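So the chains spell out like this:
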Amino acid sequence: MDNYQIADNFSLLSKLMDVHKENSFKSKSYSIAARNIDKLQVQLEGLAHEKIFSFPGIGEAIGKKIIEMLETGKIKVLEELIQKTPAGVLEMLQIKGLGPKKISVIWNDMGIENMGELLYACHENRLLTYTGFGEKTQNNIIEAIGFYQQKQGHYLYAQVEELAGQLQKHLVKISGVKNIFITGAFNRQEETIDELEYIISSSADTIKQKLRAHPEFLFNLELPGELLYKYDDRIKVRLFCINDENPAEKLFFTTGATPFLEAFKKEHSIMIFEKNEDELSFFHRAKLQFIPACLRENDLILQKAKNGGIKKLIEPKDIKGIIHSHSNWSDGVNTLEELAKGCIDKGFEYLVISDHSKAAFYANGLSEEKIIEQHELIATLNKKYAPFKIFKSIESDILNDGNLDYGNDLLSAFDLVIASVHSNLKMNEEKAMMRLLKAIENPYTTILGHMTGRLLLSRKGFPVDHLKLIDACAANDVVIELNAHPRRLDMRWQWIQHAFEKGVLISIDPDAHSIPEFENIKYGVLAAQKGMVSKENNLSSFTLEKFEKFLSDRKTKKGI
Ligand SMILES: [Zn+2]
Ligand SMILES: [Zn+2]
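Residues numbered from 1 in each chain as written. Chains lettered and ligands numbered in written order. Predicted model: local features only at pLDDT ≥ 70, side-chain atom pairs only at ≥ 80, totals over all residues. Heavy atoms only, no water.

(A) Structural view of the overall build of the protein. On a plain count of helices and strands, the protein comes out with 24 helices and 14 strands. Reported as C-alpha extents along the three principal axes, the dimensions of the protein are approximately 85 × 70 × 40 Å. Across the 560 residues in the protein, those meeting the buried criterion constitute 53%. Contacts spanning at least 24 positions in sequence make up 68% of the contacts within the protein whose residues lie at least 6 apart. (Helix = DSSP H or I, 4+ residues; strand = E, 2+ residues; numbered from the N terminus. Buried < 20%, exposed > 50% of the residue type's maximum accessible area, 1.4 Å probe, protein only. Contact = heavy atoms within 4.5 Å.)

(B) Looking closely at the pairing of strand β8 (residues 321-325). With five of its five residues buried, β8 lies for the most part within the structure. Pairing analysis gives four bridges linking β8 to strand β9 (residues 350-356), with the strands arranged parallel. Following the sheet pairing, I323 is matched in β9 by V352. In this fold, the crossover linking β8 to β9 by way of helix α17 (residues 336-345) has right-handed handedness. (Pairing = 2+ DSSP bridges. Right-handed = clockwise from strand over helix to strand, strands pointing away.)

(C) Layout of the coordination of the zinc ion (ligand 2). Those protein atoms acting as donors to the zinc ion (ligand 2) are H324 (NE2), H326 (NE2), E395 (OE) and D511 (OD), and they sit at 2.1 to 2.2 Å. Bound by four donor atoms, the zinc ion (ligand 2) shows angles of 82 to 169° at the metal and therefore irregular coordination geometry. One chain supplies every donor for the zinc ion (ligand 2), spaced along it as H-x1-H-x68-E-x115-D. A separation of 3.3 Å is found between the zinc ion (ligand 2) and the zinc ion (ligand 1), which are bridged by E395. In this pair, H326 is assigned in the loop between β8 and α17 and E395 in strand β10 (residues 389-397), connecting sequence segments 69 residues apart. We classify H326 as buried; its relative accessible area is 0%. (Donors = N, O, S within 2.8 Å, 3.2 Å for Na, K, Ca; no water. Tetrahedral: all angles 85-135°; square planar, octahedral: opposite > 155°, others 65-115°.)

(D) Representation of the packing of aromatic side chains in the model. This structure, assessed with the given rule, holds 23 aromatic pairs. Ring geometry for F252 versus F282: centroids 5.2 Å apart, planes at 70°, classification edge-to-face. Of this pair, F252 sits in helix α13 (residues 247-255) while F282 sits in helix α15 (residues 279-285), placing them 30 residues apart in sequence. Each member of the pair, F252 as well as F282, is classed as buried. The ring of F133 carries the charged tip of K102 above its face, separated from the ring centre by 5.6 Å. When the ring centre of F542 is taken as reference, the NZ or CZ atom of K546 above it lies at 4.1 Å. (Phe/Tyr/Trp six-rings, centres within 6.5 Å; stacked < 30°, edge-to-face > 60°. Lys NZ or Arg CZ within 6 Å of the ring centre and 35° of its normal.)

(E) Quick look at the pattern of salt bridges. The tally for this structure, following the rule as stated, stands at 27 salt bridges. Linking K84 and E22 is a salt bridge whose minimum nitrogen-to-oxygen distance equals 3.8 Å. One end of the pair, K84, is in helix α5 (residues 76-84); the other, E22, is in the loop between α1 (3-19) and α2 (24-39), and 62 residues separate them in sequence. Since its relative accessible area comes to 32%, E22 is described here as partly exposed. Of the charged contacts, one joins K557 and D477 as a salt bridge, the two residues approaching to 3.0 Å between their closest N and O atoms. Of this pair, K557 sits in helix α24 (residues 544-558) while D477 is found in the loop between α21 (466-475) and β13 (479-483), placing the two residues 80 residues apart along the sequence. Given the relative accessible area of 63%, K557 is considered exposed. (Salt bridge = Lys/Arg side-chain N within 4 Å of Asp/Glu carboxyl O.)

(F) Spotlight on α17. Here α17 has its buried residues at L336, L339, A340, G342 and C343. All buried residues of α17 project into a common sector of 160° when viewed along the axis, lining one side. Looking at the buried residues of α17, the elements they touch are β8, β9, α18 (368-385) and β10. Downstream of α17 by one or two residues, G347 has phi in the positive range, about 85°. (Arc of directions from axis to C-beta.)

(G) Region of the structure containing the sheet that holds β13. Spatial strand order, β8-β9-β10-β11-β12-β13-β14: seven strands in an open sheet with parallel pairing. Taken across any chain shown, the strands that pair with only one partner, and hence form the sheet edges, are β8 and β14 (506-509). Strand direction decides the pairing type here: β13 and β14, joined by four bridges, are parallel. When the sheet's bridge partners are listed, L482 is paired in β14 with I508. Those strands touched by α17 are β8, β9 and β10, and its axis lies near 145° from that of β9. (Axes fitted to C-alpha atoms, helices over the stretch in contact; angles between N-to-C directions.)

(H) Representation of a positive patch on the surface within the structure. Where like charges cluster on the molecular surface, the positive patch consists of K28, R35, K39 and K101. Element by element, the count of residues in the positive patch is highest for α2, at three residues. By the element assignment, K101 lies in helix α7 (residues 100-109). (Patch = residues over 30% accessible without salt bridge, like charges linked within 9 Å, V, L, I, M, F, W, Y side chains within 5 Å. Areas by Shrake-Rupley, 256 points an atom, 1.4 Å probe, with all protein chains shown as cover. Lys, Arg positive; Asp, Glu negative; His and termini not counted. Charge placed at Lys NZ, Arg CZ, Asp CG, Glu CD.)

(I) Spatial organisation of the coordination of the zinc ion (ligand 1). For the zinc ion (ligand 1), the protein coordination sphere consists of E395 (OE), H422 (NE2) and H450 (NE2), at 2.1 to 2.2 Å. Each donor residue of the zinc ion (ligand 1) lies on the same chain, and together they follow the pattern E-x26-H-x27-H.

Pasting the structure below:
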């Protein structure tokens, strides 16, 4: 064990003691020891014990720990502290500019256990209510976490989207090859991306040669016809180099996920691309409806394509209203009027304002009085901006016992209610299902918000029985949200078809906390396309008239 490792251990020990609010005098002495050992000119390993104790700053306690490390490879107290610390909290120590004392507050007082939760809490301004956490700290944390996650090579689709396009142009410029196509997971609109893949009509040798002059492309590996790079010390880039092959053929065989391609090859073993043939003609010859790239995940889609069962997929322009948005009445940025004008500017017909309910105190959840006040303002604005309409709603917390956050009197004052779980997320399936089913059965629940609470790349979401939840939504006329925040995309697209079979509508909702976040809709639509959503089965694609009728019919049916 060299001095650096010894110093690192002391440094971690000091930080973890602070995280666990242990003796701050001791923790400080370990941190000083780490700095001193780091600077020592001689290696401690191999020295006689007395010699170790003779260095300035190495007293009895520190010296003993150094010997323990040299003899056993570890320190017991440090091991114990690591054991007691959730992995996500340990990971937080990697965030630049976030010290252990702040991490201690984040973990112990805010109940946040990993970076994803922390990032989300920052976005929802939850940190600001704690002393020592200003807006500046919050913004620094957001930036530092983004940087850290990108270093790990995992990206949300939304984070990599712009880069994918820029890289394509960059490659065209460097290689002089015009026809460069993006393929693979990005082409299938996967929710998260670990690698960008391109097809280039050129030989691997030529491309390799040309990229040599560009240090931002760090060469990694060569496979037959494929080059692997790390771009800008961030994301993996795979280049499929083709010479005389038909690019459409390569695109087909690199876009589809393995289960899809295997099923295709099994059924259409004799099908090969003709020279210069495009995908449209290829599907046509295979007697299949054209299968958009985003749907090429598995074998089931082939059956649909054979029967002409693929309907026109929803597009961002099919969204007619903003459902699920927060104003500065709770934790959003804009005023109600700004949000309304923002919608009108962008051509939306209506806005569903759904601020947080009172249990979400960290997000300025609305008291009963505030709600009445807000409803008066909505009435005024609706007069001013007619025929545009703001609908009165709330994102009601689903409480621990499954109840909504207000009494029926107040709930009946809303045009619709979005019910979501925001607290006590660590539940087993039984508890999660009890809460969700009770909320779904509440006649005032119109939409079930972000069904599993998952956060992509960071939090799995609570365990639920999707089949049961969908059945319950069908039985109670509850719409399931497809939360379009690129970090949520919850419900997962894989369950959408099942929801449709049961007659359940979905709603692509931006969960916007500001006007620019209306754009989240796009990511919801991309995920919805993977679930084969067409505009007919998405609530936020309803026109104002149809949406109003939907709400009033539902209220009549429920007798509320
Ligand atoms: Zn929410
Ligand atoms: Zn929300």
